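Architecture and fold: a report
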There are 2 protein chains.
Amino acid sequence: MRPLDRTEALRLLGTVSLGRVVFTQQALPAVRPVNHVVDGEDVVVRLHDGSALAGLLAPADADGVVVAYEADEIDPVTHLGWSVVVTGFARRVTDAREAARLAGRLRSWVAPDPVQVVRIRPDLVSGFRLERGAGSS
Amino acid sequence: MRPLDRTEALRLLGTVSLGRVVFTQQALPAVRPVNHVVDGEDVVVRLHDGSALAGLLAPADADGVVVAYEADEIDPVTHLGWSVVVTGFARRVTDAREAARLAGRLRSWVAPDPVQVVRIRPDLVSGFRLERGAGSS
């Protein structure tokens with residue numbers, strides 16, 4: 001198991017489109033799969049207005065909430081692959097033009113309905129790669 | 001997007017071996033990919049002794065901690081598939097024989113080293129299936 005540096009971790013994150021956003025909801029850990037794009041160093045996701053995390057971010061004066069975002073590509077048979085976790089503040093993209101630009105890069109999973117575009121600024125970035133010969137079994 | 005009932009959600013969870021355990025570490029959301037098996041209704045994972053969650057569960061008097069566990073199988077291109085999240089108390093399996101039995105069903109990703117076998121008792125179970133024709137784009 002080889003740790004990844006920040007640059008390599010964010011590069012790998014940008015090679016996939018599916019991850020899981022992790023947050024705290026009423027003091028309980030919560031997690032939801034979403035699509036993402038990497039924009040600069042930020043991870044950008046879209047959330048449906050009715051989703052729990054969107055509710056936390058909805059107030060105009062919301063400072064944002066700390067979330068973790070995880071993506072991985074691990075072969076279920078060989079167990080080779082990688083996983084990346086970023087942790088940082090998630091905030092709504094409130095500028096309409098920027099939101100539209102980013103939303104265009106993100107695919108919707110379900111019928112179009114009001115969404116929030118949310119930017120996660122990575123404070124902590126960690127990750128590892130599982131390689132053959134590193135004792136994997 | 002069709003919601004899954006508890007039975008179907010746990011059945012789907014049992015069809016894959018990789019998921020992500022989600023917990024709170026020093027008031028921050030944390031997430032880590034692990035292997036799992038479903039034992040009865042419980043989700044069983046193994047953690048390396050050095051891992052953050054193992055540290056939270058290590059004290060002999062630990063009551064357990066609330067975690068979420070997520071697994072999914074979502075096609076990155078068609079976006080069809082499913083996701084399941086269970087939330088509940090995670091506790092170490094302290095009975096040596098039971099721990100050995102469960103550990104035998106769980107594959108290790110890295111070279112053998114001391115592990116904890118941890119049982120997550122699902123309190124909340126939720127999930128959804130993304131099906132063609134449900135407005136997916």
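The shown structure was predicted, so the numbers you read here are calculated from the model rather than taken from an experiment.

Comments concerning the pairing of strand β4 (residues 42–48) of chain A
Side chains on a regular strand alternate between the two faces of the sheet. Residues and elements named next belong to chain A. Counting buried residues along β4, six of its seven residues qualify, which places the element largely inside the surrounding structure. The sheet contact formed by strand β3 (residues 28–39) and β4 spans four bridges and is antiparallel. In the sheet register, H36 faces β4, and the bridge partner there is V45. Linkage of β3 to β4, two consecutive antiparallel strands, is achieved through a turn of two residues, within which G40 is found at a positive phi near 65°. As paired elements, β4 and strand β7 (residues 115–130) share six bridges and run antiparallel to each other. Paired with V44 across the bridge in β7 is R119.

Things to note about the pattern of salt bridges
When their charged atoms lie close together, side chains carrying opposite charge are able to pair. Following the criterion strictly, the structure yields 28 salt bridges over all chains and no others. For R20(B), the salt bridge identified is with E70(A), shortest N-O distance 3.5 Å. With R20(B) in strand β2 (residues 18–25) and E70(A) in strand β5 (residues 65–74), this pair bridges two chains. Considered together, R20(B) and E70(A) belong to a single accessibility category, that of buried residues. Here R119(B) and E98(B) are joined by a salt bridge, their closest N and O atoms 2.3 Å apart.

Here's the deal with unusual backbone geometry
The residue A27(A) is not glycine, and still its phi comes out positive at about 70°. Among the structural elements, A27(A) can be located in the loop between β2 (18–25) and β3. For A27(A), a relative accessible area of 68% translates into the label exposed. Phi at Q26(B) takes a positive value of approximately 50°, unusual for a residue other than glycine. By secondary structure assignment, the location of Q26(B) is in the loop between β2 and β3 (28–39). For Q26(B), a relative accessible area of 75% corresponds to the exposed category.

Observations regarding helix α3 (residues 96–105) of chain B
Residues and elements named next belong to chain B. Among the residues of α3, those classed as buried are A99, L102 and A103. Buried residues of α3 fall within an arc of 105° about the axis and therefore sit on the same side. Exposed and facing more than 90 degrees away from the buried side of α3 are R97, A100 and G104. Buried residues along α3 sit against β3, β4 (42–48) and β7 (115–130). You can read the cap of α3 off the contacts: a side-chain oxygen lies 3.3 Å from the backbone nitrogen of R97, and it is on D95.

The rules behind these values
- Residues numbered from 1 in each chain as written.
- Chains lettered and ligands numbered in written order.
- Predicted model: local features only at pLDDT ≥ 70, side-chain atom pairs only at ≥ 80, totals over all residues.
- Heavy atoms only, no water.
- Buried < 20%, exposed > 50% of the residue type's maximum accessible area, 1.4 Å probe, protein only.
- Helix = DSSP H or I, 4+ residues; strand = E, 2+ residues; numbered from the N terminus.
- Pairing = 2+ DSSP bridges.
- Salt bridge = Lys/Arg side-chain N within 4 Å of Asp/Glu carboxyl O.
- Arc of directions from axis to C-beta.
- Contact = heavy atoms within 4.5 Å.
- Polar contact = N/O pair within 3.5 Å; in protein donor to acceptor, adjacent residues only side chain to side chain.

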